[in-house]
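Architecture at a glance
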Amino acid sequence: FPSHDRSSLEQLGAFYKVSSQLDRITVTVYTLARQLDSVIPIFRDVLENAIFPEEEIRLQQKLMAQQIQLNQEKNSLLANQWFRHALFGADQRQGYILTESDVLALSRDLLVQAYQEVVVLQPFHLFLSGSLTDTEFDRTREHFTQWPTKKSWSGLSEKFQGFKLPAGRLDY
């Protein structure tokens, strides 16, 4: 996950973790409630204005190509790939079998374009949990109401109590 301000988050005692599946990207930010007002604007900037340094792209391509090579030796992963390929077809992302040459052929321009279309311009869910006040929810909402998605903001879709701590979900 490309970013340019990880050190700013770390200075506030915050960090983020990224995971992805075939049809979903999850970004989890960890911070103390007292730092939320400082962390949210930095995190939004990281998401909206991600950079893709060539050196980092090359490193990730190399690592991913090595991972693909290793996966070619795992029968369960190969069976899963071929099952999805047969079920969905090669023209669907669920059925496409990624190769080393696919990874190595990616350009920075293509990654930037894909990031804008697949991440920045798509609606998303923002989940908040912990000991948060209504004011903290409102301030967080203010930071994301003008997110540049293709779909208009739908507001706070639900607010619920979980483990006796306020929690909520914002849809953008």
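You'll find the structure just up there.
A brief look at the structure comes next. What you are looking at is a predicted structure, and each value in this text was computed from that prediction instead of being measured. (Residues numbered from 1 in each chain as written. Predicted model: local features only at pLDDT ≥ 70, side-chain atom pairs only at ≥ 80, totals over all residues. Heavy atoms only, no water.)

Concerning the packing of helix α2 (residues 36-48) against helix α7 (residues 134-144)
How two helices sit against one another is set out by the angle between their axes and by the gap between those axes. Where α2 meets α7, the axes come as close as 10 Å, and the angle between the chain directions of the two elements is 20°. Considering the angle they form, α2 stands roughly parallel to α7. Pair α2 / α7 crosses with right-handed handedness. Residue-level inspection shows Leu36, Asp37, Ile40, Pro41, Phe43 and Arg44 of α2 in contact with α7, the latter providing Glu136, Arg139, Thr140, His143 and Phe144. The residue makeup of the contact of α2 with α7, split by class, is five nonpolar, two polar and four charged. (Axes fitted to C-alpha atoms, helices over the stretch in contact; angles between N-to-C directions. Helix = DSSP H or I, 4+ residues; strand = E, 2+ residues; numbered from the N terminus. Parallel < 35°, antiparallel > 145°, perpendicular 65-115°, else oblique. Left-handed = near helix turned anticlockwise from the far one by under 90°. Contact = heavy atoms within 4.5 Å. Nonpolar A, V, L, I, M, F, W, Y, C, P; charged D, E, K, R; others polar.)

Concerning the pairing of strand β1 (residues 15-20)
Sheet analysis places β1 next to strand β2 (residues 25-30), joined by six bridges and oriented antiparallel. The partner of serine 20 across the bridge, within β2, is isoleucine 25. (Pairing = 2+ DSSP bridges.)

Some details on the packing of α2 against helix α6 (residues 108-120)
Here α2 crosses α6 at 130°, and the two axes come no closer than 10 Å. Put simply, α2 runs oblique to α6. Along its contact with α2, which presents Val46, Leu47 and Glu48, the element α6 presents Tyr115, Gln116 and Val120. Partitioned by chemical class, the residues of the contact of α2 with α6 number four nonpolar, one polar and one charged.

Re the pattern of salt bridges
This model, assessed by the stated rule, comprises four salt bridges. Ionic pairing is found between arginine 44 and glutamate 48, a salt bridge with its closest N-O pair at 2.8 Å. Taken together, the positions of arginine 44 and glutamate 48, both in helix α2 and four residues apart, correspond to about one turn of that helix. For arginine 58, the salt bridge is made with glutamate 54, and the minimal N-O distance between the two is 3.3 Å. With arginine 58 and glutamate 54 both in helix α3 (residues 54-71) and four residues apart, this pair spans about one turn of that helix. Look at glutamate 54 and you get partly exposed, because its relative accessible area is 34%. (Salt bridge = Lys/Arg side-chain N within 4 Å of Asp/Glu carboxyl O. Buried < 20%, exposed > 50% of the residue type's maximum accessible area, 1.4 Å probe, protein only.)

Some remarks on α3
For α3, spanning 18 residues, the distance from its first C-alpha to its last is 25 Å, which sits close to the expected 26 Å at 1.5 Å a residue. All of the buried residues in α3 are Ile57, Gln61, Ala65, Ile68 and Asn71. Along the axis of α3, the buried residues cluster in a sector spanning 120°; they form a single face. Looking at α3, the residues exposed on the side facing more than 90 degrees away from the buried face are Glu55 and Lys62. (Expected span 1.5 Å × (residues − 1). Arc of directions from axis to C-beta.)

What to know about the packing of aromatic side chains
Per the stated rule, a full pass over the model turns up three aromatic pairs. Residues phenylalanine 15 and tyrosine 30 carry aromatic rings whose centres are separated by 4.8 Å and whose planes lie at 20° to one another, so their mutual orientation is stacked. Here tyrosine 30 lies in strand β2 and phenylalanine 15 lies in strand β1, a separation of 15 residues in the sequence. (Phe/Tyr/Trp six-rings, centres within 6.5 Å; stacked < 30°, edge-to-face > 60°.)

As for the nonpolar core
Ranked by size, the top nonpolar core spans 15 residues in total, and within it Leu47, Phe52, Tyr115, Leu128, Leu132, Phe144 and Trp147 carry the most contacts. Here this core takes four residues from α2, the largest share from any one element. (Core = buried A, V, L, I, M, F, W, Y, C linked by side-chain atoms within 4.5 Å.)

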